[in-house]
Amino acid sequence: METCQKGNIQKDEVHKELSRICKSKEFSSKPLMVKFLTYLVQEYLKGRGDRLKGYTIAIELLEQGEHFDPDQNTLVRIYAGRLRRSLKIYYLEEGQDDPIIIEIPKGRYCPTVIKRDTKLKDIRTSQVSDIETSENSIAVLPFKNLSRSEELDYLAFGFAHELSDVLTKYYELKVVGINKKPDSSVSEEALMNQIKANGVKFLVLGELAGIGSKIKISFRLIHVPENEKVWASSCVFNKDEDAMFEIQEKVSKDIAGNLGGAYGRVNKKRFEILLASKPASLNEQELLLKHYHAQTILTPESVKESYELAYDLIGKEPNSVLANALVASVNSTVYSQDLPGAEQAYVTMGELSEKAYNLNPNHKLAFTTLASKSFYYGERDRLNRLFEEGQKWLPNTPMGIGLFGMWFSLFGEWEFGKELIDNLYEDNVFIPSWYSGVRCLNHYRNGDYKNACLEASRFQLPGTFMGPMYRIPPLAQLGRIEEAKKEWKNLLKLRPDFKRRGRYLHKIHIREDTLVDHLIEGFDKIGVIID
């Protein structure tokens, strides 16, 4: 059964929210939208969210004939798109202070019901002084409308609201958002001065301009303390009324994908500052930065440093969620890379990932570390349960829901894993190269050795054996023997014991014996016999 709810929300709360929406100015004159939304919410509340498919909606709600083909007839998708736009308008205006939010995720019809994030602050006036700031805090000012179009004025405000909302899904950021249209008497300069005075570190600015039938959207990321432009970009869209909110949604996701996440531009800038400052000790956020960096490059030096920092923290705070999750995660790396102490690391990973999760099941690193443990311990059913839970609140980032795409793939659920990883690449700019390793394996198992080689070439982690280990088989299968032999020499430098341990090293990550045999076959072709 599909569940589409986050948090402890009672049915009567959902009924009240539905009533508020249906009586609003946006919906009261649109009886079909009221009927459509009411039907979806009622089916959801009855526990029948898994029935909400295009065909079912067309037959039961829109009274189409039994021969209705949702693949050929876009009627349901059109109405769903209009409903999503109407909900966006409602929550930008009349519903901006509602305690819960009802959404219809794109590509699905089962509603998502969430409690409003009360941490978002109104930065229009002196309320900026209430902001709880930190090194990872980010504010989004209203985008400027450089044209005279009222429609673009409305869209400009919508961008700030939408982008703030998307950024709140990134665990690594603390977002200062906007929930009301800004007072025109408060200048942008005054707002920026307030933000700087109150310690917000990053600021997103943007402009919209109408150019004939096109809309140009420009945006930039500012590091406030140094007044440094960290990143800037722009895009142009056709001015299509029906697509306005889709443009807003897509561009907001693209910007967020650049800024947020463990490997986004905000964390990249923060890590540069951290390295330059050479602090004598690190706080929890700085420890996370170090950890993410270590996970990105996976050199023995970075893993060793992350290992030492994690154990130093747990020595001081044995019941800290972060400390236990960090130590479990580092031991997961030690085990997966078959580094010295791997057997004990396997045990420690299991014990401390469970402890961290029990301390706080809603802590992102504790949650994903337990999911990692579930993979390495072969707990497929538990991984499924964690995914069902995590997809309600984890962001679609490389260190969030994307990890499940990797684990499901390596468990042998390649189609589902590929779908998750493809979505990850669509929503994010910075993807760790180990995802290319998973894509390489998927191509290889399907006999697509050319694309397997392409993805393996992108798997660049110089300090680990996995890059050359995955490059050799497709190169050999394509008859590129000399290139494969060169990679074999590189592999031997990293793992002199590979002939003896090669099969085991593959099986740490791959749960399909047939795929492991297929990979070993590639080594056979260059005259390397793996025990």
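Residues numbered from 1 in each chain as written. Predicted model: local features only at pLDDT ≥ 70, side-chain atom pairs only at ≥ 80, totals over all residues. Heavy atoms only, no water.

Peer 1: So what's going on with the overall build of the protein? Residues and values would help.
Peer 2: Scanning the protein from terminus to terminus reveals 23 helices and 8 strands. Taking all 531 residues of the protein together, 53% fall into the buried category. Per element, the accessible surface of the protein, about 24,400 Å² overall, is 49% carbon and sulfur. (Helix = DSSP H or I, 4+ residues; strand = E, 2+ residues; numbered from the N terminus. Buried < 20%, exposed > 50% of the residue type's maximum accessible area, 1.4 Å probe, protein only. Areas by Shrake-Rupley, 256 points an atom, 1.4 Å probe, with all protein chains shown as cover.)

Peer 1: Go over the side chain of Thr-38, please, and point to the residues and values.
Peer 2: As for its placement among the helices and strands, Thr-38 is situated in helix H3 (residues 31–45). When sequence neighbours within four positions are dropped, the list of residues in contact with Thr-38 reads Leu-18 and Cys-22. (Contact = heavy atoms within 4.5 Å.)

Peer 1: Quick one: what's the story with the environment of Glu-162, residue by residue and with numbers?
Peer 2: Mapped onto the elements, Glu-162 comes out in helix H6 (residues 150–167). Separated by 74 residues in sequence, Glu-162 and Lys-88 place their C-alpha atoms 9.0 Å apart.

Peer 1: So, the nonpolar core: which residues are in play, and what are the values?
Peer 2: In terms of nonpolar packing, the biggest core is built from 64 residues, with Phe-404, Met-469 and Phe-523 touching the most fellow members. With residues near it in sequence (within four places) discarded, Phe-523 still touches Met-469, Ile-472, Pro-473, Trp-488, Leu-491, Phe-498, His-506, Val-528 and Ile-530. (Core = buried A, V, L, I, M, F, W, Y, C linked by side-chain atoms within 4.5 Å.)

Peer 1: Give me the lowdown on the pairing of strand E8 (residues 228–238), citing residues and values where you can.
Peer 2: Note that strand E7 (residues 214–223) and E8 share 10 bridges and pair antiparallel. Within E8, the position partnered with Arg-220 by the bridge is Ala-232. Between E7 and E8, which follow one another and run antiparallel, lie 4 residues, and Asn-227 among them has a positive phi close to 50°. (Pairing = 2+ DSSP bridges.)

Peer 1: Tell me what's going on with the confidence of the model for the protein, and back it up with residues and numbers.
Peer 2: Of all residues in the protein, 81% attain a pLDDT of 70 or more, and the chain-wide mean is 81. No element of the protein has a lower mean pLDDT than helix H10 (residues 284–297), which averages 65, and none a higher one than helix H23 (residues 513–524), which averages 97. Here residues 1–6 is a poorly scored stretch, pLDDT under 50, and it has 21 contacts once near neighbours within four places are set aside; other chains count. Counting interchain partners and residues more than four positions distant, the pLDDT-below-50 stretch residues 118–133 has 43 contacts. (pLDDT = per-residue confidence, 0-100.)

Peer 1: How would you sum up helix H22 (residues 498–509)? Please name residues and give values.
Peer 2: Across its 12 residues, H22 extends 15 Å between first and last C-alpha, which sits within 8% of the 16 Å expected from 1.5 Å per residue. Taken together, the buried positions of H22 are occupied by Phe-498, Gly-502, Leu-505, His-506, Ile-508 and His-509. Looking straight down H22, one finds its buried side chains confined to an arc of 145°; they lie on one side. Packed against the buried residues of H22 are helix H12 (321–336), helix H14 (364–376), helix H16 (402–410), helix H20 (466–477), helix H21 (481–494) and H23. (Expected span 1.5 Å × (residues − 1). Arc of directions from axis to C-beta.)

Peer 1: Outline the packing of aromatic side chains, listing residues and values.
Peer 2: Taken as a whole and assessed by the stated rule, the structure comprises 22 aromatic pairs. The interplanar angle of 35° and the centroid separation of 5.9 Å between the aromatic rings of Phe-459 and Tyr-470 together place this pair among those described as tilted. Residue Phe-459 is found in the loop between helix H19 (449–458) and H20, and its partner Tyr-470 is found in helix H20; the two are separated by 11 residues along the sequence. Grouping residues by exposure puts Phe-459 and Tyr-470 together as buried. (Phe/Tyr/Trp six-rings, centres within 6.5 Å; stacked < 30°, edge-to-face > 60°.)

Peer 1: Before we move on, could you go through the pattern of salt bridges and cite the residues and values that matter?
Peer 2: One pass over the structure, following the stated rule, counts 25 salt bridges. Between Glu-379 and Arg-382 there is a salt bridge, and its shortest N-O distance comes to 3.7 Å. Taking the shortest distance from any N to any O, the salt bridge between Arg-458 and Glu-455 comes out at 3.1 Å. You can see Arg-458 and its partner Glu-455 sitting in helix H19, 3 residues apart, about one turn around the helix. Here the residues in one salt-bridge network are Asp-338, Arg-495, Asp-497, Arg-500 and Arg-501, joined through shared partners. (Salt bridge = Lys/Arg side-chain N within 4 Å of Asp/Glu carboxyl O.)

Peer 1: Just give me the short version of unusual backbone geometry, but keep the residues and values in it.
Peer 2: Positioned with a positive phi, Asp-338 is a non-glycine residue whose angle comes to about 55°. Along the polypeptide, Asp-338 turns up in the loop between H12 and helix H13 (342–359).

Peer 1: Could you give an account of the environment of Asn-227, with specific residues and numbers?
Peer 2: Along the polypeptide, Asn-227 turns up in the loop between E7 and E8. It is 9.6 Å that separates the C-alpha atoms of Asn-227 and Leu-203, two residues lying 24 residues apart in sequence.

Peer 1: Can you lay out the side chain of Ser-332 for me, pointing to particular residues and giving the numbers?
Peer 2: Inspection of the secondary structure assignment puts Ser-332 in helix H12. Once residues within four sequence positions are removed from consideration, Ser-332 is found in contact with Met-349, Ser-372 and Tyr-376.

Peer 1: So what's going on with the environment of Leu-163? Residues and values would help.
Peer 2: Within the secondary structure, Leu-163 is located in helix H6. In this structure, the C-alpha to C-alpha distance between Leu-163 and Val-251, residues 88 residues apart in sequence, is 8.5 Å. Those residues in contact with Leu-163 that sit more than four places away from it in its chain are Val-140, Phe-143, Val-204, Ser-252, Ile-255 and Ala-256.

Peer 1: With reference to specific residues and values, describe the pairing of strand E6 (residues 202–211).
Peer 2: With 7 of 10 residues buried, E6 is to be regarded as a mostly interior element. Note: strand E4 (residues 144–145) against E6, 2 bridges, orientation parallel. Residue pairing across strands places Asn-145 opposite Leu-208, the latter belonging to E6. Note: E6 against E7, 10 bridges, orientation antiparallel. When the sheet's bridge partners are listed, Gly-210 is paired in E7 with Ile-215. Where E6 hands over to E7, the hairpin turn is made up of 2 residues, of which Gly-212 adopts a positive phi near 65°.

Peer 1: Pulling in residues and values, what's your account of the packing of H16 against helix H17 (residues 414–427)?
Peer 2: Direction vectors running N to C along H16 and H17 enclose 155°, while the axes themselves pass 7 Å from each other. If you check the angle between H16 and H17, you find them roughly antiparallel. Taken as a pair, H16 and H17 cross one another with a handedness that is left-handed. From H16, Gly-402, Phe-404, Gly-405, Met-406, Phe-408, Ser-409 and Leu-410 reach across to H17, where they touch Trp-414, Phe-416, Gly-417, Lys-418, Leu-420, Ile-421 and Leu-424. Of the residues that constitute the contact of H16 with H17, the class distribution is 9 nonpolar, 4 polar and 1 charged. (Axes fitted to C-alpha atoms, helices over the stretch in contact; angles between N-to-C directions. Parallel < 35°, antiparallel > 145°, perpendicular 65-115°, else oblique. Left-handed = near helix turned anticlockwise from the far one by under 90°. Nonpolar A, V, L, I, M, F, W, Y, C, P; charged D, E, K, R; others polar.)

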